Amino acid sequence: MNELPKTCRLCLAPFDGLPMGSKHDYTFFACKACGSIMTNPWPTQKDLDAFFGEIQPEIVHVPNPQGRIYKYQKRIRKVMPESTGKRFLDVAARQGYAVLAARNLGFQAKGIDAHAFFAAFARDKYEPHLVEHETAEAAAARGEQADLVYVAEGFCEQPDPEAYMAALARLIAPGGKMYIQEPDGNHLRLPANFTRWNFVEPPLNFCYPSRKGMEALLGRHGLKVEKRFFSWTPFLKFVAVRA
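All figures in this text were calculated on a predicted structure; none of them were measured in a lab.

## Section: the overall build of the protein chain
The helix and strand inventory of the protein chain stands at 7 helices and 11 strands. Since a compact globule built from 243 residues should have a radius of gyration of about 18 Å, the 17 Å found for the protein chain is in line with a globular shape. Judged by the C-alpha coordinates and their principal axes, the protein chain covers about 50 × 40 × 35 Å. The buried share of the protein chain, taken over its 243 residues, is 53%.

## Points about the nonpolar core
Counting residues in each nonpolar core, the largest one holds 40 residues, and the members touching the most others are Leu168 and Met178. Those elements that place two or more of their residues in this core are β2 (26-31), α5 (136-141), β7 (146-152), α6 (161-171), β8 (172-183), α7 (211-219), β10 (223-228) and β11 (235-242). Other than its neighbours up to four places away in sequence, Met178 contacts Leu148, Val149, Val151, Met165, Leu168, Ile172, Leu218, Leu223, Phe238, Val239 and Ala240.

## Some points on a positive patch on the surface
A cluster of basic residues, Lys71, Lys74, Lys78 and Lys227, forms a positive patch on the protein surface. By secondary structure assignment, the location of Lys227 is in strand β10. The exposure class assigned to Lys227 is partly exposed, which follows from its relative accessible area of 37%.

## Remarks on the sheet that holds strand β6 (residues 131-133)
The 7 strands lie next to each other as β6-β5-β4-β7-β8-β11-β10, forming an open sheet whose pairing is mixed. Both edges of this open sheet fall to β6 and β10, since each of them pairs with a single strand only. Recorded for the sheet is a direction-independent mean angle of 25 degrees between the axes of neighbouring strands. Across 4 bridges, the pairing between strand β4 (residues 87-90) and strand β5 (residues 108-113) is parallel. Along β5, the bridge assignment pairs Phe88 with Ala109. Strands in contact with helix α4 (residues 116-125) are β5 and β6; relative to β6, the strand with the most contacts, it is inclined by about 145 degrees. On the sheet, α7 packs against β8, β10 and β11 and is oriented at approximately 135 degrees with respect to β10.

## Side note on α7
All of the buried residues in α7 are Gly213, Met214, Leu217 and Leu218. Taken around the axis of α7, the buried residues stretch over an arc of 135 degrees, which confines them to a single face.

## Digging into the pattern of salt bridges
Enumeration according to the criterion identifies 15 salt bridges in this entry. Of the charged contacts, one joins Glu201 and Lys23 as a salt bridge, the two residues approaching to 3.0 Å between their closest N and O atoms. Of this pair, Glu201 sits in the loop between β8 and β9 (207-208) while Lys23 is found in strand β1 (residues 17-23), placing the two residues 178 residues apart along the sequence. Note on Glu201: relative accessible area 27%, which makes it partly exposed. Between Glu226 and Lys177 there is a salt bridge, with the nearest N and O atoms lying 3.3 Å from each other. Of the two residues, Glu226 sits in strand β10 while Lys177 sits in strand β8, which places them 49 residues apart along the sequence.

## Considering empty space enclosed by the protein
Under the counting rule described, the total for this entry stands at 1 cavity of 30 Å³ or more. By volume, the largest cavity is sized at about 30 Å³. Around the largest cavity sit Leu4, Pro5, Arg9, Phe15, Phe29, Met38, Thr39, Asn40 and Trp42, which together line it. Counted by class, the lining of the largest cavity contains 6 nonpolar, 2 polar and 1 charged residues.

## Description of the sheet that holds β9
Strand order across the open sheet formed by 4 strands is β1-β2-β3-β9, with antiparallel pairing between neighbours. Pairing within the sheet leaves two strands with one partner each, and these edge strands are β1 and β9. Bridging between strand β3 (residues 37-40) and β9 involves 2 bridges; their strand directions are antiparallel. Paired with Ile37 across the two strands is Tyr208, which belongs to β9.

## As for the environment of Pro202
Tracing the sequence through the fold places Pro202 in the loop between β8 and β9. A residue is classified by how much of its surface remains accessible, and Pro202, at 4% relative accessible area, is buried. Separated by 162 residues in sequence, Pro202 and Asn40 place their C-alpha atoms 10 Å apart. The contact partners of Pro202, leaving out residues within four places of it in the chain, are Lys23, His24, Tyr26, Phe28 and Thr39.

Rules and cut-offs
- The numbers attached to residues start from 1 for each chain and follow its sequence in the written order.
- pLDDT decides what is reported in this predicted model: residues at 70 or higher carry local features, side-chain atom pairs at 80 or more are listed and counted, and totals for whole chains, interfaces and linings draw on all residues regardless.
- As a convention, hydrogens and water are excluded, and side-chain values are obtained from all of the structure's heavy atoms.
- A run of H or I in DSSP counts as a helix once it spans at least four residues, and a run of E counts as a strand once it spans at least two, with each numbered from the N terminus.
- Computation of the radius of gyration draws on C-alpha atoms alone. For the globule rule, the value is 2.2 Å times the number of residues to the power 0.38.
- Exposure categories follow from relative accessible area, calculated using a 1.4 Å probe and restricted to protein chains: below 20% of the type maximum is buried, above 50% is exposed, and the middle band is partly exposed.
- Residues enter a nonpolar core if they are buried and are Ala, Val, Leu, Ile, Met, Phe, Trp, Tyr or Cys, with the set joined through side-chain atoms within 4.5 Å.
- Note on definitions: a residue-residue contact is assigned when non-hydrogen atoms from the two residues lie within 4.5 Å.
- Only residues whose relative accessible area exceeds 30% and that form no salt bridge enter a patch; like-charged residues are grouped when within 9 Å of one another, and nonpolar side chains (Val, Leu, Ile, Met, Phe, Trp, Tyr) when within 5 Å.
- Using a 1.4 Å probe, accessible areas were evaluated by the Shrake-Rupley method; residue-level cover was limited to the displayed protein chains.
- For this document, the term salt bridge refers to a Lys or Arg side-chain nitrogen within 4 Å of an Asp or Glu carboxyl oxygen.
- When charges are counted, neither His nor the chain ends are considered; positive counts come from Lys and Arg and negative counts from Asp and Glu.
- In plain terms, the charge of a residue is placed at NZ if it is Lys, CZ if Arg, CG if Asp and CD if Glu.
- For two strands to be treated as a pair, DSSP must find no fewer than two bridges joining them.
- Axis lines are fitted through C-alpha atoms, for helices just across the contact stretch, and the angle between N-to-C directions can take any value from 0 to 180 degrees.
- Taken from the helix axis, the directions to the C-beta atoms give the arc we talk about.
- Cavities and pockets are found on a 1 Å grid laid over the protein atoms alone: a cavity is a set of points where a 1.4 Å probe fits but cannot escape, a pocket is an open set with protein on both sides within 12 Å along at least five of seven lines, and a lining residue has an atom within 4 Å of such a point.
- Grid points are joined across faces, edges and corners, and a volume is the space filled by probe spheres set on the points.
- Gly is put with the polar residues, along with every residue not named as nonpolar or charged; the nonpolar set is Ala, Val, Leu, Ile, Met, Phe, Trp, Tyr, Cys and Pro, and the charged set is Asp, Glu, Lys and Arg.

Written out as structure tokens, the structure is:
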């Protein structure tokens, strides 16, 4: 096991880790200050590139793509009811379903994904530029902005949460919003045996932020939570805006 970090990667408090079990040669620790859970060892981008290069994922549709798109439409409408002509950017676009949902609502919508295999799937199944192979950091660096930045399960697979949040903050257009959905490491309904939760699959995901941890991370980049959505399942769901 590698040495634990000196500070929490989310809240930056001195890290006093509570053991939460092990899976796939990764051990999980919860920050006693904010409740966020993270792996040890902590993957680097080089580690992740090597892992995905070795397994070479083959992406397929979920069982009911149209049902998933409709579900996303309802969610997006709750976040931003007035959508006609607004810009929408999904920064972890996967198969492209949320982008299609946003277009159905009248958004000027596009997606990016750091994984080439997801962009290739969307390009093959839908259209050439529905999802581009690009990181949030690269999109922010070239000046991309959107009225609604959509982030679903992006932080749980980021080797540098600080840089990722910095990029997302830059992607939000003036007066814009960001929707974030992440596995909640401190949810009341988190499985008692954390590593038996079927979502936990390191190194596919390795960070499970708490509400307190995410609020601290948002605050360091000039953002705050505007609205929270209740979730029976152990996920954070909220809207963030500029503080």
